[in-house]
Amino acid sequence: MSYRIIFLPGDGVGREVTREGRKVLEAVSDHYGISFHCESYSCGGQYYLETGKECADEAFEDCKKADAVVLGAIGWPGATLPDGNLAGAGVVFGLRFGLDLYANVRPTKLYPGVRHRICNEFRQVWKPESVDFVIVRENTEGCYTPTRGFLKRGGITELAVDSRIITRKGCERVIRFAFKLCMNRKGAPKDGKRRVTCVDKSNVMNGCQLFRQVYDEIAPTYPVERDYSYIDAFTQWIIRNPEFYDVAVTSNMLGDIATDLASVLQGGMGMAASANIGDSHAMFEPVHGSAPKYAGQDKANPIASILSVQMMLSYLGEKKSDDRAKEAAGAVEKAVGSVLQRGKPLTYDLGGEARCSQVGDAVVEAIKQS
Ligand code: IPM
Ligand code: MG
């Protein structure tokens, strides 16, 4: 099989971690005989400051034709559009909305050897096997639609409105996606039961009531346990009782907030990978941002980016019924797992002192030995 992959490293540490993700992709390409035709485009806030554009003109069209897109991170201090929005966000949203990537899949998995980051101490509270759930975040509506604005009078901003749009179609497709994903997993760590938790704020919000109603229509068509949680309760339950969770599905902004929180259960943002999936396209990106204060120092943890590439291999394997891509996805996860278990080399956020590139090299080495 041969695939066309577009890399968009973006800003700050996005550039460094994406380099490691690409290195790992090249390693599996050699090892498993899969050919990847890769193209890279500059984009983001730094690119905007240099060129006045958020992305090269031809990049979006190329992403549309590609089999998958790998994004680094977006956002740079001082890079703001004339309307006050973050320069580069147009790239993320251009892809999420433009390619209709409605399911944002964000796994929270604690690998053996990694300590969670609660209290910012390297304490081990849970057995690694108790943290293994996925949050599926709706990605094309909610608070993220361009249905917002300012009322300015005499140059003074008097009022700001953000409307939250929830549609039946938007709910249906992401909830169905979550149930299908659940069917391919082995259930919650606590009891092995397949469970999809509907996370909302339906005690207050109308959009969440529609979300829950659609969840209730879809749930009986799958042999999966139903579960409900208001978002406020959910944030404490995943900390107190992570082993109960298998798959959780939620609307856009609730998922944005919950996934940063969930990342501390898996060792921090440097470990949090994600996939943005639609019916025809997909984009893969670490959940973390561009971390300007660490940019250019070869310090950032590349594992979130490497695991995002791993999710891409798994997606391509399923989508194209390509056993080698599936095997390669398994090998990347195993290689990452073996480096983490050995405990070196690790970056500062996991208690080590290694460079970003050394972690990438170690994962490549482990793949070669697999
Ligand atoms: C994320 C990020 C983005 C979002 C930002 C960078 C626009 O926080 O992917 O979680 O809000 O979706
Ligand atoms: Mg976020």
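Rules of the game
Residues numbered from 1 in each chain as written. Chains lettered and ligands numbered in written order. Predicted model: local features only at pLDDT ≥ 70, side-chain atom pairs only at ≥ 80, totals over all residues. Heavy atoms only, no water. Salt bridge = Lys/Arg side-chain N within 4 Å of Asp/Glu carboxyl O. Helix = DSSP H or I, 4+ residues; strand = E, 2+ residues; numbered from the N terminus. Buried < 20%, exposed > 50% of the residue type's maximum accessible area, 1.4 Å probe, protein only. Domains from an automatic or database assignment. Contact = heavy atoms within 4.5 Å. Buried area = accessible area lost by both parts, 1.4 Å probe.

A. Main features of the pattern of salt bridges. Tallying each qualifying case throughout the model produces 24 salt bridges. With its nearest N and O atoms 2.9 Å apart, the salt bridge here joins Arg96 to Glu285. Highlighted residues: Arg96 in helix H4 (residues 89–98) and Glu285 in strand S12 (residues 282–286), separated in sequence by 189 residues. Take Arg96 and Glu285: they sit in the same class, and that class is buried. Taking the shortest distance from any N to any O, the salt bridge between Asp232 and Lys201 comes out at 3.1 Å. With Asp232 in helix H7 (residues 231–240) and Lys201 in the loop between strand S8 (195–200) and helix H6 (206–218), this pair connects stretches of sequence that are 31 residues apart. You can call Lys201 partly exposed: its relative accessible area is 22%. Taken together, the shared-partner salt bridges connect Asp132, Arg185, Lys186 and Asp246 into one network.

B. Representation of the domain arrangement of the protein chain in the model. What the domain assignment lists for the protein chain is domain 1 (1–107 + 269–370) and domain 2 (116–266). Domain 1 puts 21 residues into the contact, and the matching count from domain 2 is 22 residues. For the domain 1 and domain 2 pair, buried surface summed over both sides reaches about 1900 Å², with 56% attributable to carbon and sulfur atoms. Taken as a group, Phe97, Tyr102 and Arg106 account for 35% of the area that domain 1 buries against domain 2, more than any other trio of residues on that side. Inspection of the region where domain 1 meets domain 2 yields 1 salt bridge.

C. View of the environment of Asp260. Tracing the backbone shows Asp260 in helix H8 (residues 252–263). The spatial distance from the C-alpha of Asp260 to the C-alpha of Arg106 is 9.8 Å, given a sequence separation of 154 residues. Setting aside chain neighbours within four positions, we find Asp260 in contact with Met269 and Val287.

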